[in-house]
Amino acid sequence: TCDDAMFCELRARSIVAAVQKLRKSSGLVVADQVDIYYEIVDEKAGEAGTAAAYTLVEECFKMHGEIVDKRLKCTPAQVSHKPADANVIATDSLEDADICKGTFKLWLTTPTEAR
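Just so you know, these numbers come straight off a predicted model, no measurement behind them.

Among the residues making up helix α3 (residues 65-72), those that are buried are G65, I67, V68 and L72. The buried residues of α3 occupy an angular sector of 165 degrees when projected down its axis, which confines them to one face. Exposed and oriented more than 90 degrees from the buried face of α3 are E66 and K70.

Residues I15, I36, Y38, I40, F104, L106 and L108 are the most contacted members of the largest nonpolar core, which totals 27 residues. Elements represented by at least two residues in this core include exactly α1 (2-25), β1 (35-41), α2 (46-63), α3, β3 (88-94) and β4 (103-109). When residues no more than four places from it in sequence are discounted, the contact partners of L108 are V19, L22, R23, L28, V34, D35, I36, N87, V88, I89 and A90.

The rules behind the values
- Residues numbered from 1 in each chain as written.
- Predicted model: local features only at pLDDT ≥ 70, side-chain atom pairs only at ≥ 80, totals over all residues.
- Heavy atoms only, no water.
- Buried < 20%, exposed > 50% of the residue type's maximum accessible area, 1.4 Å probe, protein only.
- Helix = DSSP H or I, 4+ residues; strand = E, 2+ residues; numbered from the N terminus.
- Arc of directions from axis to C-beta.
- Core = buried A, V, L, I, M, F, W, Y, C linked by side-chain atoms within 4.5 Å.
- Contact = heavy atoms within 4.5 Å.

Take a look at the structure:
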């Protein structure tokens, strides 16, 4: 529906804003390339609710990938894809209902060959 599409775009823009804020607070400049990973933690929702939240975020990346890629130069990946030896530059945990009901965690790492 129209409302779902609007919420999906809002979710994409909220994630982009959160990443940009973390980049700025970490002292990164526009030219600095990073890999971006995320995790959703929602103990109240259980496994099914958390899986649904991941699905919503992944769908927003598919539907509004141009917004995300234009601003971030890459699409964030689930933290399960982060290499164990990745050099973490910054992390943040957000409670933002526009993104998800639980906690949305972000990691910025130096770029790796795996991505």
